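# Results of the structural survey
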Amino acid sequence: MKPSPEDKAASMSAGRFRAYLMFVVLLIAGWVLWSGMFKPLLLGLGAFSCALVAVIAVRMGYFDSNTFALRFNSRLFGFWAWLLKEIVTSSIEVARVVLARELQLSTKVVDIDASRLSRVDQAILGNSITLTPGTLTLSVEDGHLRVHALTIEGVEALREGEMLRRVAAIHED
């Protein structure tokens, strides 16, 4: 039996509501964790700012499309764990390079083709590259990321495409 248009609309609005609720919960959790303040006035201001951001997100149509849907799955958490390991490893490598007696920088700008990724996944890739010390995403245009790397090892890691593959795997069906 085929679902009726009313059933589809109800299902979509339930999905939007779940996404909205998850968004609000993440806003509140982020605010509480980062502020660390539990005074009534500050809690009230935090609640007000979270509510304001949520209202603005709804008015912008943030939840009208699945493009920006919050999609949490085990692959996303696995990617975050892998990214954390890469951030620590890169931090140690950059510290080693910077603290060496002779500065051994071999900076280079490289282009990465991420056109097969969705726009959201391109943003995740660009932000992940920037979070990793020693690399910085300079621009994202037409699915191509321009990235600055401090060392040749950073360039090689980008060209190997491990981060690109892992970002692409987050939302594979």
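The structure this text deals with has already been given above.
Here the structure is a predicted model, which means the values were calculated and not measured.

## Examining the overall build of the protein
Along the backbone of the protein there are six helices and three strands. Secondary structure elements of the protein, listed N to C terminal, follow the sequence α-α-α-β-α-β-β-α-α. In the protein, which comprises 173 residues, the share counted as buried stands at 26%. Sequence separation of 24 or more characterises 66% of the internal contacts of the protein that already satisfy a separation of 6 or more. Taken as a whole, the protein presents about 12000 Å² of accessible surface, with 63% of it coming from carbon and sulfur.

## Description of the nonpolar core
Counting 20 residues, the largest nonpolar core has Leu117, Leu125, Ile129, Leu145, Val147, Leu158 and Met163 as its most contacted members. Secondary structure elements with two or more residues in this core: helix H3 (74-99), strand E1 (108-113), helix H4 (119-131), strand E3 (144-149), helix H5 (152-160) and helix H6 (162-170). Looking at which element gives the most residues to this core, the answer is H6, with five residues. With residues up to four places along the chain from it excluded, the contact list for Leu145 reads Val110, Asp111, Ile112, Ala114, Gln122, Leu125, Gly126, Ile129, Thr137, Ser139 and Val140.

## Structural notes on the layout of surface pockets
Over the atoms rolls a probe the size of a water molecule, and in doing so it shows where empty space is left. One number sums up the size of the second largest pocket: a volume of about 460 Å³. Around the second largest pocket, the lining comprises 27 residues; the ones closest to its centre are Glu86, Ser90, Thr132, Gly154 and Ala157. Elements with a minimum of two residues in the lining of the second largest pocket: H3, H4, H5 and H6. In terms of residues, the lining of the second largest pocket owes the most to one element, H3, which gives eight residues.

## Quick word on a nonpolar patch on the surface
Together, Phe48, Leu52, Ile56 and Met60 make up a nonpolar patch on the protein surface, roughly 440 Å² of accessible area in all. Residue position: Phe48 is located in helix H2 (residues 40-59).

## Describing the sheet that holds strand E2 (residues 135-141)
Strand order in the open sheet formed by three strands is E1-E3-E2, and the pairing between neighbours is antiparallel. Edge positions in the sheet fall to E1 and E2, since each has one partner strand and no second. Across the sheet, the mean angle from the axis of one strand to that of its neighbour is 25°, orientation sign disregarded. As paired strands, E2 and E3 are joined by six bridges and run antiparallel to one another. Bridging across to E3, Leu136 finds its partner in His148. The sheet contacts of H5 involve E1, E2 and E3, and relative to E1 the element is tilted by about 10°.

## With respect to the pattern of salt bridges
If the charged atoms of two oppositely charged side chains come close together, the side chains can form a pair. The final tally for this structure, using the stated rule, is five salt bridges. We note a salt bridge from Arg146 to Asp111, for which the minimum N-O separation is 2.9 Å. Residue Arg146 is located in strand E3, and its partner Asp111 is located in strand E1; the two are separated by 35 residues in the primary sequence. By relative accessible area, which is 38% here, Arg146 ends up partly exposed. Taken together, the shared-partner salt bridges in this structure form one network comprising Glu162, Arg165 and Arg166.

Cut-offs used in this document
Residues numbered from 1 in each chain as written. Predicted model: local features only at pLDDT ≥ 70, side-chain atom pairs only at ≥ 80, totals over all residues. Heavy atoms only, no water. Helix = DSSP H or I, 4+ residues; strand = E, 2+ residues; numbered from the N terminus. Buried < 20%, exposed > 50% of the residue type's maximum accessible area, 1.4 Å probe, protein only. Contact = heavy atoms within 4.5 Å. Areas by Shrake-Rupley, 256 points an atom, 1.4 Å probe, with all protein chains shown as cover. Core = buried A, V, L, I, M, F, W, Y, C linked by side-chain atoms within 4.5 Å. 1 Å grid on protein atoms, 1.4 Å probe; cavity = no way out; pocket = protein on both sides within 12 Å on 5 of 7 lines; lining within 4 Å. Points joined across faces, edges and corners; volume = space filled by probe spheres on them. Patch = residues over 30% accessible without salt bridge, like charges linked within 9 Å, V, L, I, M, F, W, Y side chains within 5 Å. Salt bridge = Lys/Arg side-chain N within 4 Å of Asp/Glu carboxyl O. Pairing = 2+ DSSP bridges. Axes fitted to C-alpha atoms, helices over the stretch in contact; angles between N-to-C directions.

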